[in-house]
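Listed below, chain by chain, are the residues.
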Amino acid sequence: MFAFVVYQLKSFGLSLKFIPPATLYFAWVFLSYAYKNVPILSSYGSTAMLLYPIMLWMTMALFHLEEESEKHILFSHLTSKGRYLLGKWLTLSITMTPLLLFSIFYPIVTSSFKGIMSFESFFIGVYVHVVFAAFGIVVGTLFSTTNLASKKYSWLTAALVVVVSFSAQSMIEAAAFLQWVLWIFPPVFDVLSLVGNGEGIFLNTSSMMNDIGVIFYLMIGFTILVPLYRKKES
Amino acid sequence: MNVFEANKARKTINGNVILEELTLTISQGERIAITGENGSGKSTLLKLITGIYEKTAGEVQRAPLETGYVPEHFPETIKLKLQEYLILVGKISGKSKHELTNEITEYAKRFNVTEFLHTPLKNCSKGTKQKAGIIQALLKEPDVLLMDEPLTGLDEQAQTELLTQLHSLEKKITVIFTAHESYLIDAFAERILQIKNGRLVYDSTKLNQEKGRIIKTTVPTRACISAIQAMSIKWHGESLVELTVSANESDHVLTLLLKQGCSIIELSEKR
């Protein structure tokens, strides 16, 4: 598996396809901290939110890296299609790490925050970045490795999912019945409520329920992707 | 031991039936050529045997063996250098870098690609890429080697080298390949499968096949050949006929035809 991840990282690096999303993300982080004395949690929330479409972009780029014949050769060496998917996810986890570390530590190093960083704020910061990156990987995988990937408008549909995720709350406020449909989209606002309500809420009961819901959503998401991927590759 | 078994298997892709009513058993150590026209389903059958594809209906069973796969067209977009690529895929299969370096040097010499070892694959010629495809499969030392049109793009020397490599494989290794060219089929295959419109229409062990000869002749009357024991008779118009006869009987048949005033147009070996 390690060799496959190295193979993926080298191929992805040489393809240069990571440059546009990574550049956009770094630029966003620089802009977010162009001014000093910014609030900690909402700033982390803003950089974490962008990690969702950025990791979706990275995921789709990584899954579209190989031609069919290259993928078939890799299947034969990996001896399992499941390992291929797992290897891709591991590669994405490694790819997201520098982005995540940069957006967490850049404002700390440049003393951009108003007030002193507490352990809770730091933890929430890391948590929201990881969760938004995971949303991107789930949605990106859905539109790259399942039967939805072969559809003509997979990139557009994936972008639409991101837009709907961010506008879900407004849509539900306008038409309450939509909550029965929109639960299927990543629960962006359950995560954002953590950074929007300030410190001291992370261990609240309602907040805990939200967090459990989000983690459950991601676990179900990653689990469902495996048979959908296997179906496409059959 | 059976490497692959299919019972009335069907494979559809995007709603199109590619393979149908496939009943086939492949035993360990067999050397099989899959033939057929373009689009007949040869590559799909090969991928079904490898496990790249799964059946849509029917039954398919594969032995849990290591498989090496050579695609018909080696990927065009790999930017890694040839040696780097081979080391990485070899490592994925669980080999050490040291072991791989020695083996790659040896295969590179045999397939005449040493000078391209440090060239990005994307910049290599089609033939070199095809050789890379073969080397990566051989490096794996598979129990079952599957090759999709392995001679495509290979020069004569590489074709001979591939054949030498295949002959040097242990007898227990199963080799299955698709091919249009008779070169590899005649020189290596012991069993031929023919696919037509997704169906297996011919399956024979070449060693057990009766050798035959094809006689093309013009006849004064159709009655002239009524006494001839032929494996098949094919008429082309009123007086031109193509007879397939047993190799042992061919001299006798030729004498008979000449005695009856027939004119021999062509005599050839049946493949």
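Residues numbered from 1 in each chain as written. Chains lettered and ligands numbered in written order. Predicted model: local features only at pLDDT ≥ 70, side-chain atom pairs only at ≥ 80, totals over all residues. Heavy atoms only, no water.

1. Description of the sheet that holds strand S2 (residues 16-27) of chain B
Residues and elements named next belong to chain B.
Then step 1. With antiparallel pairing, the three strands of this open sheet are ordered in space as S2-S1-S4. The sheet terminates laterally at S2 and strand S4 (57-62), the two strands that pair on one side only. Neighbour-to-neighbour, the strand axes of the sheet open up by a mean angle of 20 degrees, direction not taken into account.
Then step 2. Two elements, strand S1 (residues 2-13) and S4, share five bridges in a ladder whose sense is antiparallel. The partner of Arg 10 across the bridge, within S4, is Ala 57.
Then step 3. Across the sheet, helix H1 (residues 42-50) touches S1, S2 and S4, and the angle it forms with S2 is around 55 degrees. (Pairing = 2+ DSSP bridges. Helix = DSSP H or I, 4+ residues; strand = E, 2+ residues; numbered from the N terminus. Axes fitted to C-alpha atoms, helices over the stretch in contact; angles between N-to-C directions. Contact = heavy atoms within 4.5 Å.)

2. Digging into the interface of chain A and chain B
Then step 1. Opposite the 22 residues of chain A that make contact, chain B presents 27 residues.
Then step 2. A combined buried area of about 2,100 Å² lies between chain A and chain B, and 63% of that area is made up of carbon and sulfur atoms.
Then step 3. Three residues stand out in chain A for area buried against chain B, namely His 72, Ile 73 and His 77 of chain A, and they jointly supply 30% of the buried area on that side.
Then step 4. Taken together, the links from chain A to chain B amount to one salt bridge. (Buried area = accessible area lost by both parts, 1.4 Å probe. Salt bridge = Lys/Arg side-chain N within 4 Å of Asp/Glu carboxyl O.)

3. Observations concerning the confidence of the model for chain B
Then step 1. Averaged over every residue, the pLDDT of chain B is 87; the share at 70 or more is 97%.
Then step 2. Scored as a whole, the predicted complex attains pTM 0.82, and scored at its interfaces, ipTM 0.84. (pLDDT = per-residue confidence, 0-100.)

4. Some details on the pattern of salt bridges
Pairs can form between side chains of opposite charge once their charged atoms are near each other.
Residue and element names in this part refer to chain B.
Then step 1. Across all of its chains, the model carries 19 salt bridges over all chains by this definition.
Then step 2. Put simply, Lys 95 and Glu 141 hold a salt bridge, and the shortest N to O gap is 2.7 Å. With Lys 95 in the loop between helix H2 (82-92) and helix H3 (97-110) and Glu 141 in the loop between helix H4 (126-139) and strand S6 (144-148), the pair connects residues that are 46 residues apart, well separated along the chain.
Then step 3. A relative accessible area of 13% means that Lys 95 is categorised as buried.
Then step 4. Residue classification places Glu 141 among the exposed residues on the basis of a relative accessible area of 52%.
Then step 5. A salt bridge links Asp 155 to Lys 131, with the nearest nitrogen and oxygen atoms 3.5 Å apart. With Asp 155 in the loop between S6 and helix H5 (156-168) and Lys 131 in helix H4, the pair connects residues that are 24 residues apart, well separated along the chain.
Then step 6. Note on Asp 155: relative accessible area 39%, which makes it partly exposed. (Buried < 20%, exposed > 50% of the residue type's maximum accessible area, 1.4 Å probe, protein only.)

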